[in-house]
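# Breakdown of the fold
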Amino acid sequence: MKNLMGSDPRGSDPIGVIGCGNMGAALIAGMVKSRFIRPGGIVVWDPDAAKLKRLPAGIRRARSNGDLAGRSRVILLAVKPQQMEPVLEEIRPHLQRRPLVISIAAGISSRWIEERLGGAVPVVRVMPNTAALVGKGIAALSPGRRATGSSLRVAGRIFRGVGEVVQVPERWMDAVTAVSGSGPAYFFFLMEQMITAGVRLGISRETARRLVLATAEGAAELARSSGEDPALLRGRVTSKGGTTEAAFKRFARAGLGPILQAGIRAAAERSKQLGR
Ligand SMILES: NC(=O)c1ccc[n+]([C@@H]2O[C@H](COP(=O)([O-])OP(=O)(O)OC[C@H]3O[C@@H](n4cnc5c(N)ncnc54)[C@H](OP(=O)(O)O)[C@@H]3O)[C@@H](O)[C@H]2O)c1
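Here's a quick rundown of the structure.

## Let's talk about the overall build of the chain
Along the backbone of the chain there are twelve helices and eight strands. Based on the C-alpha atoms only, the size of the chain along its principal axes is roughly 70 × 35 × 35 Å. Residue burial in the chain is summarised as follows: out of 276 residues, 33% are buried. Within the chain, contacts between residues separated by at least 24 positions form 66% of all contacts whose residues are at least 6 apart in sequence.

Right, here's the structure in full:
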């Protein structure tokens, strides 16, 4: 398998992953599972040895972030936003080969990274979500000023290992963060509320949980496979004078729709405030 940057990811140019927490580990597992790269083609660094131990067998450990940067054709930055500045300082002196730098840090612009790495390095900014942990994520990719079509193809291959990929202009990133980055939490909240309501209506917690999770999965699958607008699908289960209509009348009286819209706008606003 030739990689799209023109080098073989199984060869001597590894993909380096800095930070092997939730996302870093999920992306490594996805790359190995999708056979984008063999484990020996991945080199990692994380100060927490316990996290490195949990990675698939055969993955190489760097001695430091600088060592990793000097060896890698692609560097995947999977540390928390507040850990990013010292990491960029560490890797900057080791980037003679101008690797592709991919960052998943929320709120950190490609320009901010480019400036800290000397301006000449191609950067792709990505907003994934936590469903990447089960291979069902969606990642939005934006090219930095130096990123090429091949940079985007390589980044796309990495994130397709853990779900879907969509390319977006970087100015959309605060909105993407609010919609799909934080999005799983909104659905978890809805699940919590539905389970609690079921329990209060007399169903056991275990059964309520089963009912809710299967319903969530079924609704998502129906919306996806039919390709129909969710509003239309909702209309079809809402018969006049029926039970679903009773629920929606109550939701509308409480202003649930506008409240959800306002919450998502607040998330986008917060993303903008936190942004660098
Ligand atoms: N989780 C999500 O749902 C999600 C969604 C979208 C975007 N993101 C982005 O993904 C990034 C990672 O999130 P996460 O949830 O995977 O965080 P995480 O589980 O805390 O993983 C970050 C890892 O980086 C390690 N680390 C700290 N300093 C380091 C350094 N100098 N060099 C190398 N590794 C270092 C941390 O070790 P210690 O724990 O010892 O500090 C930790 O193992 C964040 O920037 C976040 O904004 C996450």
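## Thoughts on helix H9 (residues 205-226)
The terminal C-alpha atoms of H9 lie 31 Å apart, and with 22 residues this matches the ideal 32 Å at 1.5 Å per residue to within 8%. Among the 22 residues in H9, two count as buried, and that is only a small part of the element. Gly 227, located one to two residues past H9, shows a positive phi value of around 70°.

## So, the site of the ligand
Near the ligand lie 28 residues; those nearest to it are Gly 19, Gly 21, Met 23, Ala 105 and Ala 106. Those elements that place two or more of their residues in the shell around the ligand are helix H1 (22-33) and helix H4 (84-91). It is H1 that contributes the most residues to the shell around the ligand, three residues altogether. When grouped by side-chain class, the residues that make up the shell around the ligand number 15 nonpolar, nine polar and four charged.

Thresholds, definitions, all that
- Per chain, residue numbering runs from 1 following the sequence as it is written.
- Residues qualify for local features only when their pLDDT is at least 70, as the model is predicted, and side-chain atom pairs are given and counted only at 80 or more; totals for whole chains, interfaces and linings, by contrast, use all residues.
- Secondary structure follows DSSP: runs of H or I at least 4 residues long count as helices, runs of E at least 2 residues long count as strands, and numbering of each begins at the N terminus.
- Exposure classification rests on a simple neighbour count of other C-beta atoms within 10 Å of a residue's own: a residue reaching 20 or more is buried, one at 12 or fewer is exposed, and one in between is partly exposed. C-beta atoms are placed from the backbone.
- Two residues form a contact once the distance between their C-beta atoms, set from the backbone, is within 7 Å.
- By this rule the span expected of a helix is its residue count minus one, scaled by 1.5 Å.
- Put plainly, near means the residue's C-beta atom, positioned from the backbone, lies within 6 Å of the molecule or strand in question.
- In this count, Pro and Cys sit with the nonpolar residues alongside Ala, Val, Leu, Ile, Met, Phe, Trp and Tyr, while Asp, Glu, Lys and Arg are called charged and the others, Gly among them, polar.

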